[in-house]
Amino acid sequence: MSNTLVLEEASSLPIPTGERPPPTKSPGLEALLAMAQASDFADIERAAGEGATVVWGFIMGWNPLFRALNVISGEMGLIADSIKFSADAVSVAESYFQIPVETCTPVKARAGLHHMRRKTTNIKRHVQFAGDCGMSDVMSELLRKEGLEVYAVEPISPFKFDPTRRDEFVRFYVDEIQRLSHWLVGKPVDETILAAELKTRNVVARKLDRILELRLRNPFHVSLADVFLLGGGSFDYFAHDTNYFENRRKYIAILDQLIEELENVPEADDFVPLLKVGGCPFCGELCRVVDEANGAIVGNNMLEPALYREDVSPVESLAHFMLDQQIEGRGEDKSGGSFTATAHHISQQLRKTNARGVIVTGVTNCPYTSIAQQYWHDYFKKQNIPVIVMVADTHVKPTEEVKMRLKAFIEMLA
Amino acid sequence: MKISEIIGERTWKFGPEQPTLGLDLGSRASKGVLLHRDQIYAVQIPTGYYMQETADELLAKLTEKAGLNRSDIVFIVGTGYGRITLKYDDIAYKVVTEITCHAMGSHALYPNARTIIDIGGQDSKAIKIDPTTGKVIEFVMNDKCAAGTGRFLEKAAQLLDLDLHDLGDFSLKATAPSPISSQCVVFAESEMISLRARGQREKDNNSLANIAAGIHYSSARRVKNLLGRVGIESDLVFSGGVSNNPGMWKVLEDVLEAKFAPPTKLDMIFAGALGAAVFAGRYSVSAGQRHKASHTHAAAAHGEPVLQA
Amino acid sequence: MPHQLNNHRNESNPLDALQAVIAREQKAFINEKTGRKKIGYLCNYAPLELFSAAGVRHIRLFKAGDPHTVNLGERFTQSVFCDFSKSCLGGFSGGDPLYKAIDKVYTVHTCNTVKRITEIIDQFVPVKLLSLPKLRDLPSSRHFYYKELVDLKNDLEKLTGNIITEEAIHEKIVLYNKLRQVLKKISELRKWAHPPITGGQYLDLVKAYYYLEPEQALKLYERLYTKLAETPVRRGDFLRIMVAGSIVADDDRRLLDLVEGELGARVVVEAHCTGVRPFLHTVSESGDPLRALAHGYLDQAPCAKMKPLSDSSENAGKLALDYNVDGVLYVYLKFCVCYGIGTKEFITHFQKLGLPALEISSDYSQSDHGQLKTRIEAFIEVLNERKENPDEQYISA
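Just so you know, these numbers come straight off a predicted model, no measurement behind them.

**A look at the overall build of chain A**
Looking only at helices and strands, chain A has 18 helices and eight strands in total. The 414 residues of chain A split such that 64% are buried. If you take every contact in chain A between residues at least 6 apart in sequence, the share linking residues at least 24 apart comes to 75%.

The structure is reproduced here in structure tokens:
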């Protein structure tokens, strides 16, 4: 028996990654990028100085209310700046605020930045959903002594939701919405305007849903990062201070254009479909790693086009939306929902997208991440679905090890 | 050399028709393996400041050993710690993670391998592989913490005034391994220092060996925890720089209550580069097939080169 | 182990006896097979009156457990959770007999940590989570808490198969008011210059409130109070300390042993939820008893998760002044959200009141005894110096 090469056997060997299809141009995305860059929402301080109603904080799922009241949330800009000035802000948080070092960076950085800007900012009010992660919630209490007026929205904490109490809970949230409107602008929300906002939002949600669906054929034409940029125009998690990039007609036209492009772009067949679940936006570096490994994230639980009910009054619709968000575990910890419910939700996504594996992401030093990731990991492992758990600091670039682990995971699924 | 000198009379199905290269660029040592039919060549050099230069040096040394020219190499796969930002205008090139490469390299050398424990200078990994394909089934890594990695042993060697590669031999002389309880290298250091001081005070000639052994046991316990997450199934393969440490070998077999597959003539430090070379072979085959296919369809859609450097 | 000091040999007898009763009752809880439901709760915002009126046997789950238990819990939470919550999960997953004996757990969304572990506890035993509104001054929030209590009552009725009458609730309100009153009075004995009990002894006797049947506890406490109040008044110049911050588990005495045992100071009052703080309020004995419970429990000296945070710091400050303390030990569990992040609020307030305060981050590991001792020793020295030279200015610790 000689050691001769057996070519046929060699060809049955697995190879770690396939070949990427050549990149395709997307006029729709180019238009979107131009629109996002031109959108002037960054200058909210000036807007506040000129009399616009601008507040810090946001309420997951109630962005249409803000739009209907013409209120701008500065939180997105604050988060971006907190990343830019992270080192200083964290230092301030740990020294001036005595916030324990083991607290997550996003909370420390925001706290520090608030303190650093307390004398120069025009934005003096902060709205806090008290069902938000405890760190953000208690941190907002510290802001009261930084010259900010802090307003809290009361949460319900539904776990094993009792449907017979839905009406009661909806009425509670309706009251909270009215109370919030009064605090924000001194009067109740105009329901006609709110209804129109919900309708637009649903139109956009359906189109975004279609885009996400079409991405299953070819996830490279509109990448994950592009999807988040898209969401930045309309989605609660990203869009608290944007308003469809100030031009909703154009924004919707871009969505339509993208849908048409995606319907006609050739199918890509050789990629590893993956789900991404959990907090922490998947930063550019990690997106790139996924691309290089010929993976594609075809589903995630941060950007989900859930619809607002249009068969009830708009304020009730907002109330129902918040409640359902919590019951179904959507909206991460920002909506104060149930993470065990999220697992079922992800399972549905898995079936819908045929993803081969789940990337569970989370922020370093985040207790929600800590317990939810462990739970989801065990949950999927039991079903023999490959899971990788990644914890990253939102304010720091991911390390080579982290990137390598992710790549190896995708190679494993190829 | 001929592959039969390493694996004996077993069929070798990992030798490509055209020569391919696997480069494993580590933080300290860089390894290269050249595969061509039933030939295998392996070279190791210290990693220089510039990755590209190190890689080029490996390429040059390997082609020289094999009596080949650079232009004979059809595909290179790079792997290793850190971003492999190599550039080859004239040779097709791809990057594959060291986990996947290690698995394949181990599989090539040990066809029945199911569990690999790889302990390097910076991290430790446990990898489960499918013995029919060499594919990774599951893996866990410890990359946050020095305990259980080569760095821990290095620190210990420093404190005991020993050469790292003597540390293992020294530990084999232990009569009663000192219990080092700390989970963390930083605290273990203090423990080691006090143990050493006590040994000197009590004029215990064997204390250094016992401390050395204690460190090995402490390390091995961490490794055992890591392995516990994927489960130990034989054949069990020990790879990575630390696998050259005879002390660690013995202690691990003791703590894991399992035996490692015996070493082959090819040092396991080349496992990653070997796996990379195997993948390079595979890529060159599939690229060749696709190249043929795209030429068949004359109206090529892209007009772009199929192989991407 | 109950805390004992050699120079209180006479007083320690009834205290020792109480510890023996507590131990016996814990066993009784485990072994009881009468068919009566046994429930556990974690938080002071769960009205015990309602549990008693429902006829269930109830205990508070607040054991620190051992490192192994904490480790077991960590498998679910990983690292960034307080050791108390890990212990709780470890108790369930490790099959602690006390935890195993429980038929149902009631948790309250006071802090997010408890809310999160609720979802895991559900894997071991049925759990019901109650919402807790944080805006105590808002009528809608009060009403919502009342509705949660109505829901709790309905749930208890389903669990037991018994109807809970208004009379039964009212009866228990009267009973628990007496309990809170006597516990407050016992605590106030520590206002004496030479307190008849130590802080450790107070925490230990408070355990009876959480482990015993209320009627039994009341009898024992009233007898205990009489005995303690008879203690001859002596001169004393102990350093008077308030401990504020996170929950102190039922067997977490490391700090107290250090402060009172090794360093000879006295903890005379607590601004945390396993000391005297839960006993400072009364529930109205007139009107709709469920509404009375809602108001009463919302009005209690608050947990730092309630809003605004300044309510908690101000309440703690008031307690400190009322008990004439020399200094405050602000102790928060690592990863405790409200007391960890709220540190500055509390410390600043204490300093504003002229109270030196030392901030300590703690956990259930045994590894930091040396560091802890050094810090607290230094703090105690500063306090002693202040006491001896009240006119001189000192920078607080």
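**Topic: the overall build of chain C**
Looking only at helices and strands, one finds 16 helices and eight strands in chain C. Radius of gyration (C-alpha) of chain C: 20 Å, near the 21 Å computed for a compact globule of 397 residues. Referenced to the eigenvectors of the C-alpha coordinate spread, the extents of chain C come out at roughly 65 × 50 × 45 Å. A buried classification covers 63% of the 397 residues belonging to chain C. A fraction of 74% describes how many contacts in chain C between residues 6 or more apart in sequence connect residues 24 or more apart. Summing over all exposed atoms, chain C offers an accessible surface of approximately 14800 Å²; the carbon and sulfur share of this is 50%. Within chain C, one finds 52 positive and 51 negative side-chain charges whose respective centroids are separated by 3 Å.

**What about the nonpolar core?**
One finds Trp376 of chain A together with Phe51, Leu205, Tyr221, Met242 and Phe350 of chain C to be the most contacted residues of the largest nonpolar core, which totals 162 residues. Looking at which element gives the most residues to this core, the answer is helix α8 (residues 166-188) of chain C, with nine residues. Once residues lying within four places of it in the same chain are set aside, the contact partners of Met242 of chain C are Val269, Glu270, Ala271, Ala316, Leu319, Ala320, Val325, Gly327, Val328, Leu329 and Phe350 of chain C. Residues Val272 of chain A together with Leu35, Ala108 and Tyr110 of chain B belong to the second largest nonpolar core, which totals 85 residues.

**Focus: the state of the cysteines**
Covalent bonding between the sulfur atoms of two cysteines is what defines a disulfide. This model, assessed by the stated rule, comprises zero disulfides over all chains. Counting only cysteine sulfurs, Cys104 of chain A is the nearest neighbor of Cys133 of chain A, a cysteine outside any disulfide, at a range of 6.2 Å. A disulfide-free cysteine, Cys303 of chain C has its sulfur positioned 4.4 Å from the sulfur of Cys338 of chain C, the nearest such atom. Judged by relative accessible area, which is 12%, Cys303 of chain C ranks as buried.

**Comments concerning the sheet that holds strand β1 (residues 38-41) of chain C**
Residue and element names in this part refer to chain C. Strand order across the open sheet formed by four strands is β2-β1-β3-β4, with parallel pairing between neighbours. If you trace the sheet from one side to the other, it starts and ends with β2 (57-60) and β4 (127-130), each paired once. The mean angle between the axes of side-by-side strands here comes to 25°, regardless of whether they run parallel or antiparallel. The pairing of β1 with strand β3 (residues 104-108) spans three bridges and is parallel. Residue pairing in the sheet places Tyr41 in a bridge with Tyr106 of β3.

**Looking at empty space enclosed by the protein**
Where empty space is left becomes clear once a probe the size of a water molecule has been rolled over the atoms. All names here are of chain C. Per the stated rule, a full pass over the model turns up 13 cavities of 30 Å³ or more. Estimates place the volume of the largest cavity at around 360 Å³. Contributing to the lining of the largest cavity are 24 residues, with Cys111, Val114, Ile247, Cys273 and Cys303 lying nearest its centre. Going through the elements one at a time, α4 (83-93), α6 (112-121) and α14 (337-341) are the ones with two or more residues in the lining of the largest cavity. The leading source of residues in the lining of the largest cavity is α14, at three residues. In terms of residue class, the lining of the largest cavity is built from 16 nonpolar, six polar and two charged. Considering only enclosed or pocket space, the second largest cavity measures out at about 200 Å³ in volume. The wall of the second largest cavity is formed by 18 residues, among which Val248, Asp252, Leu255, Val331 and Ser362 lie closest to the centre. Contributing elements (two or more residues each) for the lining of the second largest cavity: α11 (254-262), β6 (266-271) and β7 (327-333).

**Remarks on the arrangement of the chains**
The pair of protein chains exhibiting the most contacts, out of two pairs of chains in contact, is chains A and C. Structurally, chain B and chain C remain out of contact, their C-alpha atoms never closer than 11 Å.

**Some remarks on the packing of helix α2 (residues 27-38) of chain A against helix α13 (residues 248-264) of chain A**
All names here are of chain A. Close contact between α2 and α13 brings their axes to 8 Å; oriented N to C, the two are set at 155°. Here α13 runs roughly antiparallel to α2, going by the angle between their axes. The two elements α2 and α13 meet at a crossing, and its hand is left-handed. For the pair α2 and α13, contact is made by Pro27, Gly28, Leu29, Ala31, Leu32 and Met35 and by Lys250, Tyr251, Ile254, Gln257, Leu258 and Glu261, respectively. Classifying every residue of the contact of α2 with α13 by side-chain character gives eight nonpolar, two polar and two charged.

**Remarks on the confidence of the model for chain C**
Residue and element names in this part refer to chain C. Residue-level pLDDT values for chain C average 92, and 95% of them are 70 or greater. A low-confidence stretch, residues 1-11 stays under pLDDT 50, and its non-local contacts, those more than four residues away or across chains, total 26 contacts. Prediction confidence for the complex, expressed as pTM and ipTM, is 0.85 and 0.91 respectively.

**Some details on the packing of helix α4 (residues 150-159) of chain B against helix α6 (residues 185-201) of chain B**
All names here are of chain B. Where α4 contacts α6, the axes come no closer than 11 Å and their chain directions differ by 25°. When the axes of α4 and α6 are compared, the pair comes out roughly parallel. For the pair α4 and α6, the sense of crossing is right-handed. Note on element contacts: α6 touches α4 through Val185, Ala188, Glu189, Met192, Ile193 and Arg196, opposite Phe152, Lys155, Ala156 and Leu159. Here the residues of the contact of α4 with α6 are counted per class, giving seven nonpolar, no polar and three charged.

**With respect to the interface of chain A and chain C**
Facing the 50 residues of chain A at the interface are 48 residues of chain C. Summed over both sides, the interface between chain A and chain C buries roughly 4100 Å², with carbon and sulfur atoms accounting for 56% of that surface. At the surface where chain A touches chain C, the tally comes to nine salt bridges. In this structure, Lys145 of chain A engages Glu345 of chain C in a salt bridge whose closest nitrogen and oxygen atoms are separated by 2.7 Å.

**Thoughts on the pattern of salt bridges**
Residue and element names in this part refer to chain A. Scanning the model with the defined rule gives 64 salt bridges over all chains in all. As a salt-bridge pair, Arg144 and Glu141 come within 2.8 Å of each other at their nearest N and O atoms. For Glu141, a relative accessible area of 5% translates into the label buried.

**Comments concerning the packing of aromatic side chains**
Per the stated rule, a full pass over the model turns up 36 aromatic pairs over all chains. Centre to centre, the rings of Tyr49 of chain B and Tyr50 of chain B are 5.1 Å apart; their planes meet at 85°, and the pair counts as edge-to-face. Ring centres of Phe75 of chain B and Tyr283 of chain B lie 5.4 Å apart, and the angle between their planes is 20°; on these two criteria the pair is classed as stacked. Here Phe75 of chain B, found in strand β4 (residues 75-80), pairs with Tyr283 of chain B, found in helix α9 (residues 271-296); they are 208 residues apart in sequence, far enough to count as distant. Residue Phe75 of chain B is classed as buried on the basis of its relative accessible area, which comes to 5%. Tyr283 of chain B sits in the buried class, given a relative accessible area of 2%. Joined through ring pairs, the aromatic side chains of Trp62, Phe161, Phe169, Phe172 and Tyr173 of chain A together with Phe144 of chain C make up one cluster. We note Lys38 of chain C situated over the ring of Phe29 of chain C; from NZ or CZ to the ring centre the distance is 5.6 Å. Directly above the aromatic system of Tyr323 of chain C lies the positively charged group of Lys191 of chain C, at a separation of 5.0 Å from the ring centroid.

**A closer look at the side chain of Arg116 of chain C**
By the secondary structure assignment, Arg116 of chain C is in helix α6. Judged by its relative accessible area of 4%, Arg116 of chain C is buried. A distance of 2.5 Å separates a polar atom in the side chain of Arg116 of chain C from a polar atom in the side chain of Asp333 of chain A. Not counting residues up to four positions away in its chain, the partners in contact with Arg116 of chain C are Cys133, Gly134, Asp333, Phe339, Pro367, Tyr368 and Ile371 of chain A together with Phe81 of chain C.

Cut-offs used in this document
Residues numbered from 1 in each chain as written. Chains lettered and ligands numbered in written order. Predicted model: local features only at pLDDT ≥ 70, side-chain atom pairs only at ≥ 80, totals over all residues. Heavy atoms only, no water. Helix = DSSP H or I, 4+ residues; strand = E, 2+ residues; numbered from the N terminus. Buried < 20%, exposed > 50% of the residue type's maximum accessible area, 1.4 Å probe, protein only. Contact = heavy atoms within 4.5 Å. Rg over C-alpha atoms; globule rule 2.2 N^0.38 Å. Areas by Shrake-Rupley, 256 points an atom, 1.4 Å probe, with all protein chains shown as cover. Lys, Arg positive; Asp, Glu negative; His and termini not counted. Charge placed at Lys NZ, Arg CZ, Asp CG, Glu CD. Core = buried A, V, L, I, M, F, W, Y, C linked by side-chain atoms within 4.5 Å. Disulfide = S-S within 2.5 Å. Pairing = 2+ DSSP bridges. Axes fitted to C-alpha atoms, helices over the stretch in contact; angles between N-to-C directions. 1 Å grid on protein atoms, 1.4 Å probe; cavity = no way out; pocket = protein on both sides within 12 Å on 5 of 7 lines; lining within 4 Å. Points joined across faces, edges and corners; volume = space filled by probe spheres on them. Nonpolar A, V, L, I, M, F, W, Y, C, P; charged D, E, K, R; others polar. Parallel < 35°, antiparallel > 145°, perpendicular 65-115°, else oblique. Left-handed = near helix turned anticlockwise from the far one by under 90°. pLDDT = per-residue confidence, 0-100. Buried area = accessible area lost by both parts, 1.4 Å probe. Salt bridge = Lys/Arg side-chain N within 4 Å of Asp/Glu carboxyl O. Phe/Tyr/Trp six-rings, centres within 6.5 Å; stacked < 30°, edge-to-face > 60°. Lys NZ or Arg CZ within 6 Å of the ring centre and 35° of its normal. Polar contact = N/O pair within 3.5 Å; in protein donor to acceptor, adjacent residues only side chain to side chain.

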